[in-house]
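Take a look at the letters that make up each chain.
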Amino acid sequence: MSPDSASTRSSSRVFPREFDHELPKAVRGEGIWVIDSEGRRYLDASGGAAVSCLGHSHPAVIQAIQRQAALLPFAYSHFFTSEPLEELATLLVDAAPAGMDKVFFVAGGSEATEAALKLARQYHLERGEPRRRKFIARRQSYHGNTLGALAVSSNPGRREPYLPMLMEVRHIAPCYAYREKRTDESEEAYGLRVADELDQAIRELGPENVAAFIAEPVVGATLGACPAVPGYFKRVREICDRHGVLLILDEVMCGMGRCGTLYACEAEGVVPDILTMAKGLGAGYQPIGAVMAHRRVVAAIEDGSRALMHGHTYFNHTIAVAAAVAVQRTFKAENLLENVRRQGARLKQGLEERLGNHRHVGDVRGRGLFLGIELVQDRASKRPFDPALKLHARLRDAGMSEGMMCYPTGGCVDGKRGDHVILAPPYIVTDREVDEIVERTGRTIDRALRGLP
Ligand code: PLP
């Protein structure tokens, strides 16, 4: 039989993400649970990838989608604005840090990053500084998988095959106190030391050449829910201002209430020039991302060419924005950000009690319902597991066997980071479900590590 024969291969016509890994078939959602075609139930402890912040069956969002679909599914943004679009923009801008002025909507996080980079470039062009086209980002960051977003990201596995196609970006150190803070320095001193790498990078590149610095307030996929130490982002803001460099904060994963405030940067006391969001914005009910701009960025365009040099067919998509309005209203109606703070504290405490003395748990960190557990081979030296063990895949499979979705990331690539498990349950999670997540996470980690050296 020819090796190309269809009978040697899966009958599914879906291009799989992994050829060797067959997935269960999801058929329905019930609160924070997903049920597969065999009737197995999975507790969604990671909201997929920090997406499903209202669980999987919220009637308010479902109704909003149905209503908009019946009224008008799609009004092309070159011709029309729409009521849900105007309402969503107002809700988001009114709740944003002072100065954030206007917002537009795209179809996801990578698109939001692309648009943010292009907006930063346009800002400088409008102001007569065409040389400003370089971007600075951080190592161990992830901003998306399209070519521009991948260029600013520093996820080696995803970048490497495409390196010759990526624009050159300067990457500086992340703010990663667990591994990088020296024992003889305070958190504050550490934060200022790493933030000052930005100043140095800008000076080396020449401030007149630098467009923007991009960073996640709380790093998700590449550092396992790692917040910066207090003061870090204030210093970053000062440095950007000093050199006329824009600050882009990527809140695709950590924003929209995930960390207990609608915008993660509220906790840093810092206002960016450009802010991106996605995931929790549509809560998984619709694919949607957003780019919000400070009034000084808007003014440069308003006083200049008067037209945004960016757009896609599904820009400001009508059903997507209607769903996102319902998400925002639900946050308020059910006081969900308060629940994020309360259940986040309960989850963190539960994890610390259950795993605090585990010999392979190096760190439990995070903010709100965005928590990360860093796994290490050896706690004292913080030595990560050998990446060849593919611990992240073992963790995912172990979680599914325990009837739970968790989000394992990382894998040592440079001897400097471990494997992480991100927990990001829906904001509607209850006390009992939080306790269940703690228990299943403990069992998942033990199952994944079973038999390892
Ligand atoms: N930015 C951050 C911080 C992310 O975590 C992600 C995705 O995980 C992205 C951007 C890309 O978003 P998307 O996968 O929706 O394109």
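Residues numbered from 1 in each chain as written. Predicted model: local features only at pLDDT ≥ 70, side-chain atom pairs only at ≥ 80, totals over all residues.

### Comments concerning the overall build of the protein
- Summing up its helical and strand segments, the protein has 14 helices and 17 strands in all.
- Since a compact globule built from 453 residues should have a radius of gyration of about 22 Å, the 22 Å found for the protein is in line with a globular shape.
- In terms of overall dimensions, the protein has a C-alpha envelope of 60 × 60 × 55 Å along the principal axes.
- In the protein, 73% of the contacts between residues at least 6 apart in sequence involve partners at least 24 apart. (Helix = DSSP H or I, 4+ residues; strand = E, 2+ residues; numbered from the N terminus. Rg over C-alpha atoms; globule rule 2.2 N^0.38 Å. Contact = placed C-beta atoms within 7 Å.)

### Describing helix H4 (residues 109–126)
- The first and last C-alpha atoms of H4 sit 25 Å apart over 18 residues, in line with the 26 Å expected at 1.5 Å per residue.
- Taking burial as the measure, the 18 residues of H4 include 14 buried ones, the bulk of the element.
- Positive phi shows up at glycine 128, right after H4, with a value of about 75°. (Expected span 1.5 Å × (residues − 1). Buried ≥ 20, exposed ≤ 12 C-beta atoms within 10 Å, placed from the backbone.)

### Focus on the sheet that holds strand E2 (residues 33–36)
- Read from one edge of the open sheet, four strands run E1-E2-E3-E15, paired in mixed fashion. Bordering the open sheet on either side are strand E1 (26–30) and strand E15 (404–405), each of which pairs with just one other strand.
- Here E1 pairs with E2 via four bridges, running antiparallel. Looking across to E2, one finds that alanine 26 is bridged to aspartate 36.
- Lying on the sheet, helix H14 (residues 431–449) is in contact with strand E3 (41–44) and E15; it crosses E3 at an angle near 105°. (Pairing = 2+ DSSP bridges. Axes fitted to C-alpha atoms, helices over the stretch in contact; angles between N-to-C directions.)

### Examining the packing of H4 against helix H10 (residues 295–302)
- With their axes 9 Å apart at the nearest point, H4 and H10 run at an angle of 55° to one another. One element, H4, and the other, H10, form an angle in the oblique class. Where H4 crosses over H10, the handedness of that crossing is left-handed. Counted together, Leu119, Gln122, Tyr123 and Glu126 of H4 and Val297, Ala300 and Ile301 of H10 form the full contact between these two elements.
- Per-class residue counts for the contact of H4 with H10 are five nonpolar, one polar and one charged. (Parallel < 35°, antiparallel > 145°, perpendicular 65-115°, else oblique. Left-handed = near helix turned anticlockwise from the far one by under 90°. Nonpolar A, V, L, I, M, F, W, Y, C, P; charged D, E, K, R; others polar.)

### Focus on the site of the ligand
- The environment of the ligand is made up of 15 residues, and the closest members are Gly108, Gly109, Ser110, Gly144 and Val252.
- Counting residues per element, the shell around the ligand draws most heavily on H4, at three residues.
- Partitioned by chemical class, the residues of the shell around the ligand number six nonpolar, seven polar and two charged. (Near = placed C-beta within 6 Å.)

### A look at the sheet that holds strand E10 (residues 246–251)
- The strand order across the open sheet built from seven strands is E4-E12-E11-E10-E7-E5-E6, with neighbouring strands paired in mixed fashion. Here the strands that pair on one side only, and so sit at the sheet edges, are strand E4 (100–106) and strand E6 (169–172). Between one strand axis and the next, the sheet turns by 20° as a mean value, whatever way the strands run.
- Pairing of E4 with strand E12 (residues 289–294), which is carried by six bridges, proceeds in the antiparallel orientation. Bridging across to E12, phenylalanine 105 finds its partner in alanine 290.
- Each of E4 and E12 touches helix H3 (residues 83–95); the most contacted strand, E4, lies at about 135° to it.
- Against the sheet, H4 touches E4, strand E5 (134–138), strand E7 (210–215), E10, strand E11 (274–277) and E12, its axis set at about 25° to E12.

### Remarks on the nonpolar core
- Judged by nonpolar contacts, the single largest core of 131 residues is most densely connected at Ala290 and Val291.
- Element by element, the count of residues in this core is highest for helix H11 (residues 318–333), at ten residues.
- In this structure, this core is formed jointly by two domains, domain 1 (26–45 + 335–449) and domain 2 (59–333), each of which donates at least three residues.
- Discounting residues that sit within four places of it in the chain, alanine 290 has contacts with Leu92, Val103, Phe104, Phe105, Val106, Ala112, Thr276, Met277 and Leu281. (Core = buried A, V, L, I, M, F, W, Y, C linked by C-beta atoms within 7 Å. Domains from an automatic or database assignment.)

### So, the domain arrangement of the protein
- What the domain assignment reports for the protein is domain 1 (26–45 + 335–449) and domain 2 (59–333).
- The gap between the C-alpha centroids of domain 1 and domain 2 is 26 Å.
- Across the contact, 26 residues belong to domain 1 and 23 residues belong to domain 2.
- Its residues placed into classes, the side of domain 1 that touches domain 2 shows ten nonpolar, eight polar and eight charged.

### Things to note about the packing of helix H8 (residues 187–205) against helix H9 (residues 232–243)
- Following both chains from N to C, one finds H8 and H9 inclined at 20°, their axes separated by 8 Å at the closest point. With respect to their mutual orientation, H8 and H9 come out roughly parallel. For the element pair H8 and H9, the recorded crossing hand is right-handed. Across the interface between the two elements, Gly191, Leu192, Val194, Ala195, Leu198, Asp199 and Ile202 from H8 touch Tyr232, Arg235, Val236, Ile239 and His243 from H9.
- A breakdown of the residues in the contact of H8 with H9 according to their chemical character gives eight nonpolar, two polar and two charged.

### Here we look at the pairing of E12
- For E12, the tally of buried residues reaches six of six residues, placing the bulk of the element in the interior.
- Burial of the side chains of E12 extends over both faces: Gly289, Val291 and Ala293 are buried on one face and Ala290, Met292 and His294 on the other.
- Two elements, E11 and E12, share four bridges in a ladder whose sense is antiparallel. For isoleucine 274, the partnering residue across the bridge sits in E12 and is alanine 293.

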